[in-house]
Amino acid sequence: MRNLWRTLSRRIALIAFGIAAVAPQAFAQKSDVPLEEMSFAEIVNSVDLGKQADLVRTFQEREASNVLLKNRTLTEANGCTVDAIRNREVLVVTIPAQKLFGPNQIELLDQADKFLDPFRRYLKEPDMYRVLLVMHTDNTGSEAYREDITVQRAEALADWFDKSGIDTEYLFPFAMSDDIPLVANDSFENRARNRRLEIYLVPGEKMLEKAKKGRIAL
């Protein structure tokens, strides 16, 4: 079982949701700090792309339009979205929790496979991407319950990738409880929107290395 102690320190990560305006240099990775000990914001901003940023943005835009947005499961009809943050360098895919888990459940549904499988490609080449699994819920139930269900769901998601046979060295699960709602929790529909998985596809050192050579490919 993966150690999810980082998920319990989620409030450190709240600053990350202003990352579109934050320069990666502000969170520059220190060689003596392992990735698994970094906060959410630090991992999202752990690689300074420098002069290679334009090439990386072009590659990420192509990946979003040619792969993610053309996937037959990650569709708007299924409640999924594909966005870009941090000057369009980081892709964020949102999947409704109801597509992955039953109500109040922590075991993945059978259909979860088709929602998660597309992201195995981003872990095939070590440190091409740093993939963050960020689990959210709504504000129903006690604080302890909300924390527990997001931690256990993040654990289940990480375990799915572990068991799929892919290298998960650069996979990082986080549980945010109800701290970062998309919308006010004032209706059934809004609470459903807030119960979600966000998958962050963060460029890694391998992508930067390829960009310096003038061509990025998976």
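This text goes with the structure placed above it.
Residues numbered from 1 in each chain as written. Predicted model: local features only at pLDDT ≥ 70, side-chain atom pairs only at ≥ 80, totals over all residues. Heavy atoms only, no water.

> Which parts of the structure should I look at to understand the packing of aromatic side chains?
Centre-to-centre distance and the angle between the planes together describe a pair of aromatic rings. Counted according to the given criterion, the structure contains five aromatic pairs. Each ring, one from phenylalanine 119 and one from tyrosine 122, has its centre 6.3 Å from the other, and the planes form 45°; the classification is tilted. Pair check on accessibility: phenylalanine 119 and tyrosine 122 agree, each one buried. Ring centres of tyrosine 122 and tyrosine 129 lie 5.0 Å apart, and the angle between their planes is 80°; this geometry places the pair in the edge-to-face category. Both residues of the pair, tyrosine 122 and tyrosine 129, count as buried. In textbook terms, an aromatic cluster arises when at least three aromatic residues are bridged by ring pairs, as seen for Phe40, Phe174 and Tyr200. (Phe/Tyr/Trp six-rings, centres within 6.5 Å; stacked < 30°, edge-to-face > 60°. Buried < 20%, exposed > 50% of the residue type's maximum accessible area, 1.4 Å probe, protein only.)

> Please clarify how the side chain of glutamate 89 should be interpreted in this entry.
Within the secondary structure layout, glutamate 89 lies in the loop between β1 (81-85) and β2 (90-96). For glutamate 89, the side chain forms a polar contact with the side chain of arginine 57, separated by 3.0 Å. (Helix = DSSP H or I, 4+ residues; strand = E, 2+ residues; numbered from the N terminus. Polar contact = N/O pair within 3.5 Å; in protein donor to acceptor, adjacent residues only side chain to side chain.)

> Looking at this structure, how should I read the layout of surface pockets?
Any empty space left between atoms is shown by rolling a water-sized probe over those atoms. Space inside the second largest pocket adds up to approximately 260 Å³. Every residue lining the second largest pocket is counted, 13 residues in all, and those nearest its centre are Gly102, Pro103, Asn104, Arg153 and Arg195. Of the residues assigned to the lining of the second largest pocket, the class counts are five nonpolar, five polar and three charged. (1 Å grid on protein atoms, 1.4 Å probe; cavity = no way out; pocket = protein on both sides within 12 Å on 5 of 7 lines; lining within 4 Å. Points joined across faces, edges and corners; volume = space filled by probe spheres on them. Nonpolar A, V, L, I, M, F, W, Y, C, P; charged D, E, K, R; others polar.)

> For this particular structure, what's the right way to read the pattern of salt bridges?
Side chains carrying opposite charge are able to pair once their charged atoms draw close together. Going through the model one piece at a time under the given rule, you end up with twelve salt bridges. A salt bridge links glutamate 198 to arginine 196; the shortest N-O distance between them is 3.0 Å. Residue glutamate 198 is classed as buried on the basis of its relative accessible area, which comes to 5%. Relative accessible area serves as the criterion here: at 1%, arginine 196 is assigned to the buried category. Residues participating in the shared-partner salt-bridge network are Asp54, Arg57, Arg86 and Glu89. (Salt bridge = Lys/Arg side-chain N within 4 Å of Asp/Glu carboxyl O.)

> Explain helix α4 (residues 143-163) to me, please; I cannot follow it from the model alone.
Given 3.6 residues per turn, any residue in an α-helix points the same way as the ones three and four places further on. The terminal C-alpha atoms of α4 lie 30 Å apart, and with 21 residues this matches the ideal 30 Å at 1.5 Å per residue to within 8%. Glycine 165 sits one or two positions beyond α4 and adopts a positive phi of about 90°. (Expected span 1.5 Å × (residues − 1).)

> I'm lost on the nonpolar core in this one. Help?
In summary, soluble globular proteins display a tendency toward joint burial of nonpolar side chains. In this structure, Ile95 and Phe119 are the most contacted members of the largest nonpolar core, which totals 43 residues. Elements with a minimum of two residues in this core: α2 (53-68), β2, α3 (112-116), β3 (129-136), α4, β4 (171-175), β5 (196-203) and α6 (205-212). Broken down by element, the residue count for this core peaks at six residues, all from α4. Once residues lying within four places of it in the same chain are set aside, the contact partners of phenylalanine 119 are Leu68, Leu74, Val93, Ile95, Phe161, Ile199 and Leu201. Counting residues in each nonpolar core, the second largest holds 16 residues, with Leu35, Phe40, Met176 and Tyr200 among its members. (Core = buried A, V, L, I, M, F, W, Y, C linked by side-chain atoms within 4.5 Å. Contact = heavy atoms within 4.5 Å.)

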